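In case you want the letters, here they are:
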Amino acid sequence: MQRIVSGMRSTGKLHFGHYLGVIQNWVKLQHEYESYFFVADWHALTTKYDKTETLKQDVKDVVADWLACGIDPEVSTIYVQSLVPEIAELNVYLSMVTPQNWVERDPTLKDMAKILRTKEGTNSQISYGLMGYPVLMSADIMMFNAHAVPVGNDQVAHIEITRDIARRFNNIYKTDFFNEPKPLLNDCSLICGLDGNKMGKSFQNDIKISDTEEVTAKKIMTAITDRSRLRRDDLGHPEQCEVAFKYWKIFGDENQVETVRCECEKGKRGCADCKRQLGALINEKFAPIREKRKYYDEHPEEVERIIKEGSEKARIEARKTIEKVREIIGMY
Ligand code: TRP
């Protein structure tokens with residue numbers, strides 16, 4: 001069976017964008033591939049090294065969200081990056097063979113650096129660790145010799161560097177040990193935030209997987225609709241509805257979407273009512289996930305056990321790779 005590796009930075013509770021864009025895909029793929037899913041807490045440190053108070057809880061929240069969404073610890077290996085220190089050792093070897101200009105060229109990193117520079121204080125510096133972001137990511141992926149990496153579009157440039165590093169390692173040490181992993185993109189719908197922009201935690205336009213039904217319903221009421229529509233019986237333009245109708249298309253079935261479209265166009269459906277129904281639909285769809293999420297909130301020891309066992313399992317594989325890599329390089 002082919003292997004996949006993927007991770008998310010530990011940024012705390014995940015939102016619908018994570019679910020629809022990434023996790024849903026992982027849930028499906030875990031039955032088709034030998035799967036390794038991890039929380040990238042070192043990658044979180046590349047920008048948040050001075051804000052570590054919530055780090056432990058952030059890691060647990062990410063894993064609890066995954067479990068609730070259906071990542072199955074009996075099927076996939078779930079672990080925390082820093083609990084597999086072999087990754088750090090592989091990072092050292094890979095950093096030796098990676099030309100400096102490869103990391104400097106990484107467009108995703110350039111964007112991160114640009115954002116950092118606009119901030120005040122110590123955090124505005126680009127650290128050596130942040131420069132090494134794509135190399136560390138390569139170590140994550142190559143640690144388990146993944147064939148493919150299921151990620152969103154924004155990560156593809158990083159995976160390109162990983163392929164380059166794997167090829168270069170193989171060339172330098174005259175081996176074919178490492179696979180050149182491919183990005184595995186999915187055709188999942190990209191969900192916009194409640195304000196019509198990209199959904200993101202820092203934009204405060206997201207709905208969390210762990211939000212309660214009340215919070216979800218309230219948030220949905222703030223979703224942007226058709227801005228040209230002022231009164232309840234004005235004729236609506238579903239295709240110009242910036243958020244609510246898009247959500248209907250993601251969460252509703254064909255009949256529901258058609259009903260909404262017709263009633264809106266005929267001015268028979270007010271935006272407030274429409275969003276009330278939408279909120280109820282979303283809450284219904286997410287009820288099983290939320291129930292599981294609540295269970296893990298109430299049983300943090302179970303999340304901790306899953307993290308511990310998964311990380312131990314990952315380490316067994318990681319040690320094998322590291323031994324092989326040391327041998328290939330010719331280490332003592
Ligand atoms: N950079 C990824 C993100 O920000 C997280 C990540 C770290 C990752 N290492 C990885 C993803 C390895 C895939 C494979 O979401």
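Throughout this document, residue positions are counted from 1 along each chain, in the order its sequence is written. Totals for whole chains, interfaces and linings use every residue, but because this is a predicted model, local features are given only for residues with pLDDT of at least 70 and side-chain atom pairs only at 80 or more, for both listing and counting. Processing note: side-chain calculations cover all non-hydrogen atoms of the structure and skip hydrogens and water entirely.

## Observations concerning the domain arrangement of the chain
Reasoning step 1: Assigned domains of the chain: these are domain 1 (3–191 + 300–329) and domain 2 (211–293).
Reasoning step 2: Here the C-alpha centre of domain 2 lies 35 Å away from the C-alpha centre of domain 1.
Reasoning step 3: When checking whether two residues touch, look at their non-hydrogen atoms; a contact exists if any pair is within 4.5 Å. Between domain 1 and domain 2, the contact holds 14 residues from the first and 9 residues from the second.
Reasoning step 4: Buried area between domain 1 and domain 2, summed over both chains or domains, comes out near 920 Å², and the portion from carbon and sulfur atoms is 73%.
Reasoning step 5: If you sort the residues of domain 1 by the area they bury against domain 2, F16, A68 and I191 come out on top, with a joint share of 54%.
Reasoning step 6: Here a salt bridge means any side-chain nitrogen of Lys or Arg lying within 4 Å of a carboxyl oxygen belonging to Asp or Glu. There are 2 salt bridges connecting domain 1 and domain 2.
Reasoning step 7: Two residues, D65 and R293, come together in a salt bridge whose shortest N-O distance is 2.5 Å.
Reasoning step 8: For this analysis, a polar contact is any N or O atom pair within 3.5 Å, provided that within protein one partner can donate a hydrogen and the other can accept it, and provided that sequence-adjacent residues contribute only side-chain to side-chain pairs. Where domain 1 packs against domain 2, one counts 3 residue pairs in polar contact (both at pLDDT 80 or more). Domain start and end points were adopted from an automatic or database domain assignment. Buried area is a sum: the accessible area each of two parts loses on coming together, probed at 1.4 Å, counted once for each and added.

## Brief notes about the site of the ligand
Reasoning step 1: A molecule or strand has a residue near it when one of that residue's heavy atoms lies within 4 Å. In the vicinity of the ligand lie 13 residues, with R9, Y133, M137, D140 and Q155 positioned nearest.
Reasoning step 2: A distance of 2.7 Å separates a nitrogen atom of the ligand from a polar atom in the side chain of D140.
Reasoning step 3: Isolated, the ligand exposes 360 Å² of accessible area, and the fraction of that covered by the protein chains is 92%.
Reasoning step 4: If one sorts the elements of the shell around the ligand by residue count, helix α8 (residues 133–143) sits on top with 4 residues.
Reasoning step 5: Residue classes follow a fixed rule: Ala, Val, Leu, Ile, Met, Phe, Trp, Tyr, Cys and Pro count as nonpolar, while Asp, Glu, Lys and Arg count as charged, and any other residue, Gly among them, counts as polar. Class assignment for the residues of the shell around the ligand results in 7 nonpolar, 4 polar and 2 charged. Exposure was quantified through the Shrake-Rupley algorithm and a 1.4 Å probe, taking into account, for residues, occlusion by the shown protein chains and nothing else. Only runs of H or I of at least four residues qualify as helices and only runs of E of at least two qualify as strands under DSSP, and these elements are numbered from the N terminus.

## Brief notes about the packing of helix α13 (residues 271–298) against helix α14 (residues 300–329)
Reasoning step 1: The contact between α13 and α14 brings their axes to 4 Å, and the two run at 90°. It follows from the interaxial angle that α13 and α14 lie roughly perpendicular. Residues Y295, Y296, D297 and E298 of α13 form the contact with α14, whose own contacting residues are P300, E302, V303 and I306.
Reasoning step 2: Along the lines of polarity and charge, the residues of the contact of α13 with α14 split into 5 nonpolar, no polar and 3 charged. Angles run from 0 to 180 degrees between N-to-C directions of axes, and those axes are lines fitted to C-alpha atoms, restricted for helices to the stretch in contact. Roughly parallel refers to an angle under 35 degrees, roughly antiparallel to one over 145, roughly perpendicular to one between 65 and 115, and oblique to any angle outside these ranges.

## As for α14
Reasoning step 1: Given the number of residues in a helix, its expected span is that number minus one, multiplied by 1.5 Å. With 30 residues, α14 should cover 44 Å at 1.5 Å per step; its first-to-last C-alpha distance of 42 Å lies within 8% of that length.
Reasoning step 2: Each residue is placed in one exposure class: buried if its accessible area under a 1.4 Å probe, protein chains only, is under 20% of its type's maximum, exposed if it is over 50%, and partly exposed if it falls in between. Every buried residue of α14 is listed here: V303, I306, I307, G310, S311, A314, E317, A318, T321, I322, V325 and I328.
Reasoning step 3: Trailing α14 by a residue or two, G330 shows a phi angle of about 100°, which is positive.

## Re the nonpolar core
In globular proteins that are soluble, nonpolar side chains generally tend to be buried together.
Reasoning step 1: The biggest cluster of nonpolar side chains holds 52 residues, and the ones touching the most others in it are F16, Y19, I23, W66, Y247, F251 and I282.
Reasoning step 2: With 8 residues, the single largest contributor to this core is helix α3 (residues 55–69).
Reasoning step 3: Two domains each provide a minimum of three residues to this core, namely domain 1 (3–191 + 300–329) and domain 2 (211–293).
Reasoning step 4: Y36, V135, V325 and I328 belong to the second-largest nonpolar core, a separate cluster that totals 40 residues. Take the buried Ala, Val, Leu, Ile, Met, Phe, Trp, Tyr and Cys residues and link them wherever side-chain atoms come within 4.5 Å; each set so joined is a nonpolar core.

## Details of the side chain of H158
Reasoning step 1: With respect to the secondary-structure elements, H158 resides in helix α9 (residues 156–172).
Reasoning step 2: Among the residues examined, H158 registers a relative accessible area of 0% and is labelled buried.
Reasoning step 3: Once residues within four sequence positions are removed from consideration, H158 is found in contact with D106, T108, Y133, P134 and M137.

## Focus: unusual backbone geometry
Reasoning step 1: The phi dihedral of K174 is positive, around 45°, even though this residue is not glycine.
Reasoning step 2: Along the chain, K174 falls in the loop between α9 and β5 (182–184).
Reasoning step 3: Judged by its relative accessible area of 73%, K174 is exposed.
Reasoning step 4: In this structure, Q204 takes a positive phi of about 50° despite not being glycine.
Reasoning step 5: Within the secondary structure layout, Q204 lies in the loop between β5 and α10 (213–221).
Reasoning step 6: Residue classification places Q204 among the exposed positions, given a relative accessible area of 72%.

## Regarding the environment of Y36
Reasoning step 1: Positionally, Y36 belongs in strand β2 (residues 34–40).
Reasoning step 2: As for Y36 and S6, which are separated by 30 residues in sequence, their C-alpha atoms are 6.5 Å apart.
Reasoning step 3: Apart from residues lying up to four places away in sequence, Y36 is in contact with R3, I4, V5, S6, T77, Y79, F144 and E317.

## Side note on the side chain of Q81
Reasoning step 1: Structurally, Q81 is set in the loop between β3 (77–80) and α4 (86–97).
Reasoning step 2: Taking relative accessible area as the criterion, Q81 reaches 0% and is therefore assigned buried.
Reasoning step 3: Engagement of the side chain of Q81 in a polar contact is seen with the side chain of H43, the distance being 3.3 Å.
Reasoning step 4: In terms of polar contacts, Q81 uses its side chain to reach the side chain of D140, at 2.8 Å.
Reasoning step 5: In contact with Q81, other than residues within four places in its own chain, are F38, V39, A40, D41, W42, H43, I87, L136 and D140.

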